[in-house]
Amino acid sequence: MLAHVGRSVPAEVVMVKAFPVRLPSAQVYWTVLDEELRVVAEVDEFLRHIRFGRGCAESTTEAYARALALYTSWCRSLRLDWWQGAHRLTGFMLWLRHGGTRGASRVNAIVAVVRELCKHGVACGLAPADLLGVLYELSDDRWLPDEVRGENVTPRAVARARHRLPHPERQVDRATQDEVVALVGACRSARDRFIVLALARGLRRGELVSLRRQDVHFMLDASALGCDVAQEHLHVVRRDVSPRKAFAKSRRERTLPADALLVQAWDAYWWERAACRAAQPCDFVLVNLFREPVGVPMRPGAINELLVALSRRAGLERLLHPHMLRHGFASDVLDSGGALDEAQYLLGHARPDSLRPYLHPSLPRMRAAVDRTAAYRNSPS
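Each residue is numbered by its place in its chain's sequence as written, counting from 1. Restriction of local features to residues with pLDDT of at least 70 applies here, the model being predicted, together with a cutoff of 80 or more for giving and counting side-chain atom pairs; totals for whole chains, interfaces and linings are based on all residues. The basis for the side-chain values is all heavy atoms of the structure; hydrogens and waters are excluded.

Topic: the pairing of strand β6 (residues 233–236)
For step 1, the next point in the chain: The two faces of β6 match: His233 and His235 on one face and Leu234 and Val236 on the other face are all buried.
For step 2, the next point in the chain: Two elements, strand β5 (residues 216–217) and β6, share two bridges in a ladder whose sense is antiparallel. Pairing of histidine 217 across the sheet is with histidine 233, part of β6.
For step 3, the next point in the chain: Two strands are counted as paired when DSSP detects at least two bridges linking them. The helix count covers DSSP runs of H or I at least four residues long, the strand count covers runs of E at least two residues long, and both are numbered beginning at the N terminus. Direction of pairing for β6 relative to strand β7 (residues 254–257): antiparallel, over a ladder of four bridges. From the neighbouring strand, valine 236 faces β7, where its bridge partner is arginine 254. Partly exposed residues are those whose accessible area sits between 20% and 50% of the maximum for their type, while under 20% is buried and over 50% is exposed, using a 1.4 Å probe and protein chains only.

Regarding the pattern of salt bridges
For step 1, the next point in the chain: Here, a salt bridge means any side-chain nitrogen of Lys or Arg that lies within 4 Å of a carboxyl oxygen of Asp or Glu. For the structure shown, the criterion picks out 17 salt bridges.
For step 2, the next point in the chain: Two residues, arginine 318 and aspartate 173, come together in a salt bridge whose shortest N-O distance is 2.1 Å. Of this pair, arginine 318 sits in the loop between α12 (300–313) and α13 (322–335) while aspartate 173 sits in the loop between β4 (157–161) and α8 (177–186); the two residues are 145 residues apart in sequence, bridging distant segments of the chain.

Structural notes on the state of the cysteines
For step 1, the next point in the chain: Disulfide assignment relies on a single distance test, namely cysteine sulfur atoms paired within 2.5 Å. Tallied over the full model, the rule gives zero disulfides.
For step 2, the next point in the chain: Residue cysteine 75 stays outside any disulfide, its sulfur separated by 8.5 Å from that of cysteine 118, the closest cysteine.
For step 3, the next point in the chain: Judged by its relative accessible area of 2%, cysteine 75 falls in the buried class.

Overview of helix α5 (residues 104–123)
The periodicity of an α-helix, 3.6 residues per turn, causes residues three or four places apart in sequence to face the same way.
For step 1, the next point in the chain: Here the expected span of a helix is defined as 1.5 Å times the quantity of residues minus one. Across its 20 residues, α5 extends 29 Å between first and last C-alpha, which sits within 8% of the 28 Å expected from 1.5 Å per residue.
For step 2, the next point in the chain: Glycine 125 sits one or two positions beyond α5 and adopts a positive phi of about 80°.

Quick look at the structure:
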């Protein structure tokens, strides 16, 4: 038993590294290099497909490359080919869980990337077709009651991943309105106030730092700019080439209405930005104004650092991060009676099921639902 476990969990792991590659077109993707700094061909082909064949962001290929670097290191330590390691995926999970002290959700995310690599390998003929049977178990709905199956008369196959650790689902924490107000009060510049309010209006961190000046139409009539959208708004646009990993995550361009408070914050910031001569040639909305190099686009990590500093300066009991403000906006939209399709569009989600982490109504809203139900039951029929 112990010998079998030892063959699945290597004592010494060959270190394989994730590495960024910049193409002549200025596009960047991440690949995996072995201990002799040679490209791992099969993994590199998959990562190029993710970046350029499926149009995913650079940050996505970085996350995939880091996960596959761990998997490739484990396979090479056991002298297994990359597709052979899928037959011992439980051992890989054991090594991640206990050797690397990673949590269950992180292990599941890494293994999900390995499954995507194997699926791509099977589709391209680089791995045997029966490999999918090792990764997935197939079932269908033929034995379900007719009330559950509905009008579907043809059995539908369902593939479930065989390797997945159980972990409790945690609700994504959200920033409260009081915390957002405290952050705004702790700001020492108009730029920082604009950042906080933009995040509290649902923008992702990458979307905010990738905004260009032509994307912001804070005017009643933007027809002179070639835009037929009425009133104040901004456009979230995915651009394939962007410095410092400033990418909008969603491939779909969307238009976000702006309220009066965000427009006022923008006006104050624009005067502050115009006073910085080094920032004037830069097309990005957010630039460094108070630290070197002045005038260059802000990096995404600076947004996190700003919120941590503001949280401490405001005396909050916890440190806020950008997604907590975005989550607070989504919850406010739903709690105020907004429809699911409205929230989906404002947040830039491709699928309605992406809203599931935000669907936890507040206690007052649930109390109101119970009171409405009780009033309905007590009303005369």
